[in-house]
Amino acid sequence: MNVIKNSSDLRLNIEQLKTRGTTIGFVPTMGYLHEGHLTLAKEARENNEIVVMSIFVNPLQFGPNEDFDHYPRDVDRDTELARMAGVDILFIPEASDVYRGKQSVTMSVKERVDVLCGRKREGHFDGVVTVLTKLFHLVQPTRAYFGQKDAQQVAVVEGLVSDYFFPLEIVSVPTVREEDGLAKSSRNVYLSHEERVEAPFLYRSLKEARESIELGERNPSVITGEISVDIQEHTSGTIDYVEVYSYPELEKLDRLKGDIILAIAVQFQQARLIDNIIISVESKEDSNV
Ligand code: AMP
């Protein structure tokens with residue numbers, strides 16, 4: 001595995017690969033790797049000749065009161081895990097390399113951001129599309145891999161790629177979970193022992209809501225109400241949002257139908273956790289997608 005720490009070196013490597021027509025699978029991450037990230041790398045490994053992973057805690061996607069300074073980091077451990085996952089190029093740039101002085105052009109996301117994390121984390125997705133535009137240009141991937149855990153991110157990035165004709169395919173990978181159902185996340189290390197015991201209730205509440213839908217419930221407020229009560233009863237976290245929308249459009253629904261997302265964000269003492277499930281609501285029968 002080739003560890004590259006600056007954009008000029010990466011460019012040279014990618015140019016050589018591109019002249020040979022090599023397919024490149026790209027996995028952008030913020031590091032502190034876990035099974036979720038490694039599953040994306042595995043998918044990339046199976047379908048591309050070369051796998052590039054980036055590790056970059058992007059300052060632009062963190063708000064002033066968010067956890068940028070405390071975001072967990074361990075580059076040595078990540079390097080070993082990436083090597084074991086079969087990554088060919090691990091790109092770990094400095095912020096000063098990615099953001100060179102004042103930006104003369106900035107990016108602002110207009111659709112699919114007035115809900116969920118986009119509404120709660122102002123400017124977050126502007127930061128995400130900015131860094132991805134830079135990384136996509138540097139890496140020139142054939143396919144880029146994203147986790148369904150960040151379903152709104154997938155929807156926004158699909159908009160970016162389609163609007164600006166990025167010549168790449170977005171591949172969305174199902175959420176990887178702990179045995180008790182908790183979605184794997186770099187932020188889970190900041191849960192206290194008690195919170196870690198409570199945290200699986202996030203997914204459990206989503207699954208119970210899915211059962212209600214399967215039994216015929218079609219009223220979005222009833223579903224979000226059920227999830228909220230469940231989380232309040234079983235966790236000490238504070239609900240940031242419990243929302244349901246059409247997916248991937250992220251539009252409000254009067255009645256549940258078609259492909260929908262049930263999504264939640266809960267603030268614990270040191271960690272804000274998100275989770276979601278996407279369900280296909282048929283007119284008569286429902287099925288999980
Ligand atoms: P992050 O390092 O949190 O920015 O995540 C990098 C990529 O890994 C994103 O596409 C995430 O959606 C994805 N990811 C994070 N956690 C999981 C998970 N539990 N299952 C699947 N993908 C994940």
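Along every chain, residues carry numbers that run from 1 in the direction the sequence is written. In view of the model being predicted, local features appear only for residues whose pLDDT reaches at least 70, and side-chain atom pairs are presented and counted only at 80 or more, with totals across whole chains, interfaces and linings using the full set of residues. Note that the side-chain values use all heavy atoms of the structure and ignore hydrogens as well as water.

**Some remarks on the overall build of the protein**
And step 1. Across its full length, the protein holds 10 helices and 10 strands.
And step 2. A radius of gyration in this sense is built from C-alpha atoms; the matching globule rule multiplies 2.2 Å by the number of residues raised to 0.38. Over its C-alpha atoms the protein spans a radius of gyration of 19 Å, differing by no more than 12% from the 19 Å that the globule rule assigns to 289 residues.
And step 3. Dimensions along the principal axes, computed over C-alpha positions, put the protein at roughly 55 × 40 × 40 Å.
And step 4. Residues classed as buried in the protein amount to 54% of the 289 residues present.
And step 5. Considering only intrachain contacts with a sequence separation of at least 6, the fraction spanning at least 24 residues in the protein is 72%.
And step 6. Considering the protein, the positive charge centre built from 32 side chains and the negative charge centre built from 47 side chains are found 4 Å apart. Strands are runs of DSSP state E lasting at least two residues, helices are runs of H or I lasting at least four, and both sets are numbered from the N terminus onward. Relative accessibility decides the category of a residue: with a 1.4 Å probe and only protein chains considered, values under 20% of the type maximum give buried, values over 50% give exposed, and everything between is partly exposed. Contact definition: two residues touch when any of their heavy atoms are within 4.5 Å. When charges are counted, Lys and Arg are positive and Asp and Glu negative, with His and the chain ends excluded. Throughout, a charge is located at the NZ atom of Lys, the CZ atom of Arg, the CG atom of Asp or the CD atom of Glu.

**Notes on helix 6 (residues 124-139)**
And step 1. Look at helix 6: 22 Å from first C-alpha to last across 16 residues, which is about the 22 Å you get at 1.5 Å a residue.
And step 2. At the C-terminal side of helix 6, Gln-140 shows a positive phi close to 50°. A helix is expected to reach a length of 1.5 Å times the quantity of its residues less one.

**Comments concerning the environment of Glu-217**
And step 1. Topologically, Glu-217 is positioned in the loop between helix 9 (201-214) and helix 10 (220-234).
And step 2. Judged by relative accessible area, Glu-217 falls into the partly exposed class, the value being 26%.
And step 3. For the pair Glu-217 and Arg-255, spaced 38 residues apart in the sequence, the C-alpha separation amounts to 9.2 Å.
And step 4. Here Asn-219 takes part through its backbone nitrogen, which lies 3.0 Å from a polar atom of the side chain of Glu-217. Distance and chemistry together define a polar contact, namely a pair of N or O atoms within 3.5 Å, with one atom able to donate a hydrogen and the other to accept it when in protein, and with adjacent residues in sequence counting only for side-chain atoms on both sides.

**Here we look at the domain arrangement of the protein**
By a widespread convention, an interface's size corresponds to the accessible area lost as its parts come together.
And step 1. By domain assignment, the protein separates into domain 1 (2-173) and domain 2 (186-277).
And step 2. Computed from C-alpha atoms alone, the centre-to-centre distance between domain 1 and domain 2 is 26 Å.
And step 3. Accessible-area loss on putting two parts together, using a 1.4 Å probe and summing over both, is the definition of buried area adopted here. Between domain 1 and domain 2, the buried area comes to about 1800 Å², and carbon and sulfur atoms account for 55% of it.
And step 4. For Asp-67, the salt bridge goes to Arg-187, with nearest N and O atoms at 2.8 Å.
And step 5. Joining domain 1 to domain 2, the criterion identifies 12 residue pairs in polar contact (both at pLDDT 80 or more).
And step 6. Elements supplying a minimum of two residues to the side of domain 1 that touches domain 2: helix 5 (116-120) and helix 7 (151-163).
And step 7. Residue polarity follows a fixed list, in which Ala, Val, Leu, Ile, Met, Phe, Trp, Tyr, Cys and Pro are nonpolar, Asp, Glu, Lys and Arg are charged, and the others, Gly among them, are polar. Looking at the side of domain 1 that touches domain 2 residue by residue, the class counts come to 10 nonpolar, six polar and seven charged. Domain extents, as shown, originate in an automatic or database domain assignment. For this analysis, a salt bridge means a side-chain nitrogen from Lys or Arg found within 4 Å of a carboxyl oxygen belonging to Asp or Glu.

**Some remarks on the environment of Asp-230**
And step 1. As for its placement among the helices and strands, Asp-230 is situated in helix 10.
And step 2. What makes Asp-230 buried here is its relative accessible area of 11%.
And step 3. Taking the C-alpha atoms as reference, Asp-230 lies 34 Å from Ile-170; in sequence the two are 60 residues apart.
And step 4. In contact with Asp-230, not counting residues within four places along its chain, are Ser-205 and Glu-208.

**Concerning the site of the ligand**
And step 1. Here a residue is considered near a molecule or strand provided that any single heavy atom belonging to it is located within 4 Å of it. Taken together, the neighbourhood of the ligand is formed by 17 residues, with Met-30, His-37, Asp-150, Val-176 and Lys-184 sitting nearest.
And step 2. Between an oxygen atom of the ligand and a main-chain N or O atom of Gly-147, the distance comes to 2.9 Å.
And step 3. About the coverage of the ligand: the protein hides 93% of its 490 Å² of free accessible area.
And step 4. Going through the elements one at a time, strand 2 (24-29), helix 2 (35-47) and strand 5 (143-147) are the ones with two or more residues in the shell around the ligand.
And step 5. Among the elements that make up the shell around the ligand, the one with the highest residue count is helix 2 (three residues).
And step 6. Classifying every residue of the shell around the ligand gives seven nonpolar, seven polar and three charged. All accessible areas in this document rest on Shrake-Rupley with a 1.4 Å probe, and a residue is counted as covered only by the protein chains that are shown.

**Considerations on unusual backbone geometry**
And step 1. In the segment running from Tyr-247 into Pro-248, the intervening peptide bond is cis, with an omega of 10°.
And step 2. Position of Pro-248 relative to the elements: it lies in the loop between strand 7 (238-246) and strand 8 (258-267).
And step 3. In the Ramachandran plot, Gln-140 falls in the positive-phi region, its phi being about 50° despite a non-glycine side chain.
And step 4. Assignment of secondary structure puts Gln-140 in the loop between helix 6 and strand 5.
And step 5. Residue Gln-140 is classed as partly exposed on the basis of its relative accessible area, which comes to 28%.
And step 6. In this structure, Leu-250 takes a positive phi of about 60° despite not being glycine.
And step 7. Note that Leu-250 resides in the loop between strand 7 and strand 8.
And step 8. When its relative accessible area of 5% is taken as the criterion, Leu-250 is described as buried.

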